[in-house]
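# Notes for the structure review
One letter stands for each residue in the lines below.
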Amino acid sequence: MNKNEAIGIFDSGIGGVTVLREILKVLPNENYMYYSDSKNNPYGDKSDDQIHELCENIVNVFIEQKCKAIVIACNTASAKSAQYLRQKYADIPFIAIEPAYKMVYDYAYSESTLVLATKGTIESEKFNLLYHTYDNHKTILLPCVGLADIIEEGNREKIKKYLKEHLELFRGKVKNVVLGCTHYPLIQDEIQEVLGEVTFFNGAPYLAKHLQEVLEKKDLIHNNNEKGTIQFIDSSNSEQKKKRFFEILEK
Ligand code: DGL
């Protein structure tokens, strides 16, 4: 592995930009190659085998491009395929996002908690292990079928309508909200509007720290003082996705 090479980062679409945003705060000088698999999204309701295959295709692109590490910036892909990918591609480090449920255990254990994630994440073995290990017995797990899709589309009216229909019943009843899908931090304000005063838990800042530790340990930090580059690849070649991705990053 060469420290000058890029870090590959992927999601089913542009949601992983919320992870890259946190990574850039910690590692601004690295080069990044972001892969948005919008041709195959949503991932949230696909089978384990389908997700394994989609992830493998993306990992092969990163390997061809000689990436030195891979960030799985999709909770669904991470829940279903992180272990599979680590076994299959043992030479490359994988850093995988997960819903920040342990942080609730660490910082706000006694408060009622709402975990928002895709159906795939909530039903996965990996998430269930995390949930049962840190269960505060005041937690509601809510699979948000179709939500990532409308965030990806970027239609504010549809998003507001969805949140009103699915979240309003929890208003005043929950204090913690785990954003268990990388698309959801993009609508944090809208969620707050429906739920009222809540504390958000997002796994991305922890992943960023972990990525830094992994690179340091493997002596893979890019030692230069200049801002790195960010390359965006979208599997359906959408110029509109590219535009939104960079707009969000530059905000
Ligand atoms: N952003 C993804 C996640 O974190 C997946 C959304 C989807 O494609 O269903 O789970």
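Above this text is the structure in question.
Residues numbered from 1 in each chain as written. Predicted model: local features only at pLDDT ≥ 70, side-chain atom pairs only at ≥ 80, totals over all residues. Heavy atoms only, no water.

This brings us to the overall build of the protein chain. Scanning the protein chain from terminus to terminus reveals eleven helices and nine strands. Its C-alpha atoms put the protein chain at 50 × 40 × 40 Å along the principal axes. The burial tally for the protein chain puts 55% of its 251 residues in the buried class. When contacts within the protein chain are restricted to residue pairs at least 6 apart in sequence, those whose partners lie at least 24 apart make up 78%. Per element, the accessible surface of the protein chain, about 12,100 Å² overall, is 46% carbon and sulfur. Here the protein chain carries 31 positive and 36 negative side-chain charges, and the mean point of each set is 2 Å from the other. (Helix = DSSP H or I, 4+ residues; strand = E, 2+ residues; numbered from the N terminus. Buried < 20%, exposed > 50% of the residue type's maximum accessible area, 1.4 Å probe, protein only. Contact = heavy atoms within 4.5 Å. Areas by Shrake-Rupley, 256 points an atom, 1.4 Å probe, with all protein chains shown as cover. Lys, Arg positive; Asp, Glu negative; His and termini not counted. Charge placed at Lys NZ, Arg CZ, Asp CG, Glu CD.)

A few words on the packing of aromatic side chains. One pass over the full model with this rule turns up twelve aromatic pairs. Measuring from ring centre to ring centre gives 6.4 Å for tyrosine 89 and phenylalanine 94, while their planes differ by 55°; the resulting arrangement is tilted. Both residues of the pair, tyrosine 89 and phenylalanine 94, belong to the buried class. Seen from their ring centres, tyrosine 105 and tyrosine 134 are 4.9 Å apart, and the 70° between their planes marks the pair as edge-to-face. One end of the pair, tyrosine 105, is in helix H4 (residues 101–107); the other, tyrosine 134, is in helix H6 (residues 125–134), with 29 residues separating them in the sequence. (Phe/Tyr/Trp six-rings, centres within 6.5 Å; stacked < 30°, edge-to-face > 60°.)

With respect to the secondary-structure elements, isoleucine 7 resides in strand E1 (residues 7–11). On the basis of relative accessible area, isoleucine 7 is assigned to the buried category, the value being 0%. With near-sequence residues (within four places) excluded, isoleucine 7 lies in contact with Glu30, Asn31, Tyr32, Met33, Cys67, Lys68, Ala69, Val71, Leu211 and Leu215.

If you walk across this open sheet you meet the five strands as E4-E3-E1-E2-E9, and the pairing is parallel. If you trace the sheet from one side to the other, it starts and ends with strand E4 (94–96) and strand E9 (230–234), each paired once. Strand-to-strand twist across the sheet, computed as the mean angle between neighbouring axes with direction ignored, equals 20°. Docked against the sheet, helix H10 (residues 204–217) engages E1, strand E3 (69–72) and E4, running at close to 165° with respect to E4. (Pairing = 2+ DSSP bridges. Axes fitted to C-alpha atoms, helices over the stretch in contact; angles between N-to-C directions.)

Turning our eyes to something else, we now look at the site of the ligand. Neighbouring residues of the ligand: 13 residues in total, closest Ser12, Tyr43, Asn75, Thr76 and His183. For the ligand, an oxygen atom lies 2.8 Å from a polar atom in the backbone of glycine 44. In this structure, histidine 183 approaches the ligand through a side-chain N or O atom, which is 2.8 Å from a nitrogen atom. Protein burial of the ligand: of its 300 Å² of free accessible surface, 98% is covered by the chains. Here the shell around the ligand is built from residues that sort into five nonpolar, seven polar and one charged. (Near = heavy atom within 4 Å. Polar contact = N/O pair within 3.5 Å; in protein donor to acceptor, adjacent residues only side chain to side chain. Nonpolar A, V, L, I, M, F, W, Y, C, P; charged D, E, K, R; others polar.)

Within a sheet, each strand pairs with its neighbour through backbone hydrogen bonds, oriented either parallel or antiparallel. Pairing is parallel across the open sheet formed by four strands, whose spatial order is E6-E5-E7-E8. Every interior strand has two partners, whereas the edge strands, strand E6 (139–143) and strand E8 (199–201), have only one. For this sheet, the mean inter-axis angle between neighbouring strands, taken without regard to orientation, is 20°. Alignment of strand E5 (residues 113–117) against strand E7 (residues 176–179), held across four bridges, turns out to be parallel. Its bridge partner lying in E7, threonine 113 is registered against asparagine 176.

Opposite charge on two side chains lets them pair, provided their charged atoms get close. Inspection of every chain in the model, using the stated rule, returns 14 salt bridges. Aspartate 219 serves as the salt-bridge partner of lysine 3, at 3.3 Å between the closest nitrogen and oxygen. Taken together, the residues span a long stretch of sequence, with lysine 3 in the segment before E1 and aspartate 219 in the loop between H10 and E9 at a distance of 216 residues. By relative accessible area, lysine 3 is classed as partly exposed at 26%. In this structure, the salt-bridge partner of glutamate 22 is lysine 25, at a minimum N-O distance of 3.2 Å. Taken together, the positions of glutamate 22 and lysine 25, both in helix H1 (residues 17–26) and three residues apart, correspond to about one turn of that helix. Accessibility expressed as a relative area gives 61% for lysine 25, which makes it exposed. (Salt bridge = Lys/Arg side-chain N within 4 Å of Asp/Glu carboxyl O.)

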